[in-house]
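Structural overview
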Amino acid sequence: MKKIVILISALFLGVAFMAYVYFSKLGIDNDAKDLALQSATNNAALVFSFQNDKGFYDIIEGQQLIQQALGKDKMNLLKQLKTSIIDDNLLNKYLKDQQVYISVLPDSNKTLNFLITVQIQRDNDIKKFYEQLKLKKAISENAKDLYTVKLNDSLSVYLGVHDQVLTASTSLKLINDANVRLTENPFTEYIKENNRQIKNVLTHVYINFNQAPLLLKNIIAGNINGEISIFNKQNSFAVLNYNFSREKILFSGNTELKDQYNYLKLFENTAAQNTSIQNILPDNTANYALYAYDEYDKWLKKLNSWQEQTKILPNTNAVIKKVKDEYRTDLNSIFTAYTKNQFILFQLSTSEKLGAISLSNGEKVKQLLLDVSADYNEDIKLFKSSDILYSYFGEPFKKFGRPYYTVVDNNLVVANNASTVQSFLNDYKHNRLLIQTPQYLDAVNQISTTSNVSYYINTKNSADIFRNNIQLPFYKHLRADSGLKSFDTFYYQMSADKNKFITNLLLNKYLKPEIPDSLSNR
């Protein structure tokens with residue numbers, strides 16, 4: 001009996017010791033991975049993540065669209081790193097199957113740059129990796145843990161070596177910044193959480209909207225205002241997975257809003273909707289933001305609650321009361337009774353901005369708004385009182401204080417200038433519509449037919465807007481044949497799934513159908 005007790009005790013201690021060793025090693029490995037991730041996420045708005053294996057590179061090398069999107073310089077850097085390190089068996093054995101992070105970060109001189117982060121395999125010594133580089137006479141030491149690696153006669157990168165983690169970039173600033181690791185970073189935690197949930201995906205892109213202003217300041221010429229001012233307050237994250245295709249660049253995943261005061265929270269926990277209001281847009285539409293919900297009266301309660309939380313409800317209530325007192329018009333009885341389930345904000349290639357709200361009975365609304373409206377002409381009216389639409393639809397209509405408006409096919413269309421409304425009417429009456437263009441139809445056929453929030457950019461119609469609003473290097477990349485010029489559509493689509501949004505990000509290139517020779521020769 002005593003022998004049995006001793007045997008069981010020894011067995012128990014042996015299992016406990018093995019478990020301790022295993023979990024200790026696992027904890028050390030996870031700590032190292034966390035260090036790499038902390039370096040990658042510091043100040044980053046975009047982080048691409050993939051596994052360092054041959055299959056990934058074989059697929060990406062055949063992705064001409066990805067190469068166009070990145071541009072010649074950035075693609076050349078990645079190719080040279082692959083040739084010099086990944087294709088070298090002696091060097092790659094230290095990095096094989098490790099997770100690679102490519103962070104897109106603001107650099108000096110109004111530029112963006114890459115920071116590449118990877119950890120050395122736990123069983124390998126980072127000093128031996130350095131010795132291998134040194135044997136190739138391609139590396140020189142700048143300072144402690146900082147080196148310069150010459151990839152070819154014209155391209156060198158800085159290499160940071162710290163705690164089993166390598167960081168590489170053509171920017172010394174990004175290497176130094178990467179050494180400042182934040183132990184508490186919500187973006188890091190978000191990526192770790194999603195890494196546990198998502199497996200067997202070619203590559204991920206993680207988006208930290210909190211850091212978007214830092215990127216945008218280096219891209220745009222001027223302040224972050226207008227339609228993009230939302231990024232100043234966008235406490236949210238997204239994880240998107242790359243869908244392999246030779247015809248388009250498509251990422252799908254989800255977006256998560258962390259800020260309870262975010263306007264987009266009003267569209268959570270709402271069934272995704274079929275939308276049609278975008279079908280009235282002119283064919284020279286440069287961009288739009290489309291919002292949809294199930295029932296307006298239910299959504300209005302959420303809006304009022306949001307207005308109360310953000311302390312603007314007294315102001316909106318005052319607007320409604322003033323209209324009732326001065327014009328004897330009960331706006332509540334109009335909008336709650338006749339507003340349908342979608343509205344849209346859009347901008348034309350001429351930079352003019354408009355908004356539209358879907359109605360169940362446009363003619364009835366037109367009659368009910370007569371007392372609170374002034375005539376411009378037979379088709380176009382002007383609101384006499386300010387902030388009516390802002391009170392009933394919130395942030396997107398803030399810039400339309402006292403807009404001109406018209407009603408067409410059960411849609412209330414507004415703009416700050418009568419000429420803009422007239423231009424819209426001319427296009428609408430002559431059927432010059434975005435929905436008629438093959439590029440647009442091709443793009444929307446690639447994504448879901450239902451959504452709650454959608455952002456669309458027509459790159460061709462936006463050319464003049466881009467030229468006046470973004471820095472020259474980025475504009476040149478947008479308009480270059482070897483860059484983004486041939487891509488005609490950018491689409492970011494969000495469909496509510498409880499407290500998250502199922503998300504599609506599409507960069508599309510319309511390819512005209514080829515006409516068979518037998519038909520073209522007729």
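Read on for an overview of the structure. (Residues numbered from 1 in each chain as written. Predicted model: local features only at pLDDT ≥ 70, side-chain atom pairs only at ≥ 80, totals over all residues. Heavy atoms only, no water.)

Attention now goes to the overall build of the chain. Scanning the chain for helices and strands turns up 19 helices and 22 strands. Split into buried and exposed, the 522 residues of the chain put 49% on the buried side. Counting contacts in the chain only where the partners sit at least 6 residues apart, residues at least 24 apart contribute 67% of the total. For the chain, the computed accessible surface area is about 26,500 Å², with 52% contributed by carbon and sulfur atoms. (Helix = DSSP H or I, 4+ residues; strand = E, 2+ residues; numbered from the N terminus. Buried < 20%, exposed > 50% of the residue type's maximum accessible area, 1.4 Å probe, protein only. Contact = heavy atoms within 4.5 Å. Areas by Shrake-Rupley, 256 points an atom, 1.4 Å probe, with all protein chains shown as cover.)

Below, the discussion takes up the environment of T183. Its location among the elements puts T183 in the loop between α7 (172–178) and α8 (186–197). Owing to a relative accessible area of 67%, T183 belongs among the exposed residues under this scheme. As a C-alpha pair, T183 and Q38 span 145 residues in sequence and 7.2 Å in three-dimensional space.

The subject of this paragraph is the pattern of salt bridges. A full pass over the atoms with the stated rule returns 14 salt bridges. With a shortest N-O distance of 2.9 Å, K82 and D87 are connected by a salt bridge. The buried category is assigned to K82, whose relative accessible area is 16%. The class for D87 is partly exposed, based on a relative accessible area of 44%. (Salt bridge = Lys/Arg side-chain N within 4 Å of Asp/Glu carboxyl O.)

Let us look at the nonpolar core. Counting 100 residues, the largest nonpolar core has Y263, F267, W299, F343 and F393 as the members making the most contacts within it. Once residues lying within four places of it in the same chain are set aside, the contact partners of W299 are Y263, L266, F267, Y293, F343, Y392 and F393. V408, V421, I447 and Y491 belong to the second-largest nonpolar core, a separate cluster that totals 27 residues. (Core = buried A, V, L, I, M, F, W, Y, C linked by side-chain atoms within 4.5 Å.)

Another aspect to go through is unusual backbone geometry. A negative phi angle characterises most non-glycine residues, just as the trans form characterises most peptide bonds. Unusually for a residue other than glycine, K311 sits at a positive phi of about 65 degrees. Structurally, K311 is set in the loop between α10 (296–309) and α11 (313–327). Located in the positive-phi region is N431, a residue other than glycine, with phi close to 60 degrees. Summarising the element assignment, N431 is placed in the loop between α15 (418–429) and α16 (438–444). Overall, the relative accessible area of 44% leaves N431 in the partly exposed class.

With respect to the helices, strands and loops of the structure, V157 is situated in strand β6 (residues 156–162). Along the primary structure V157 and Y147 are separated by ten residues, whereas in three dimensions their C-alpha atoms are 8.4 Å apart.

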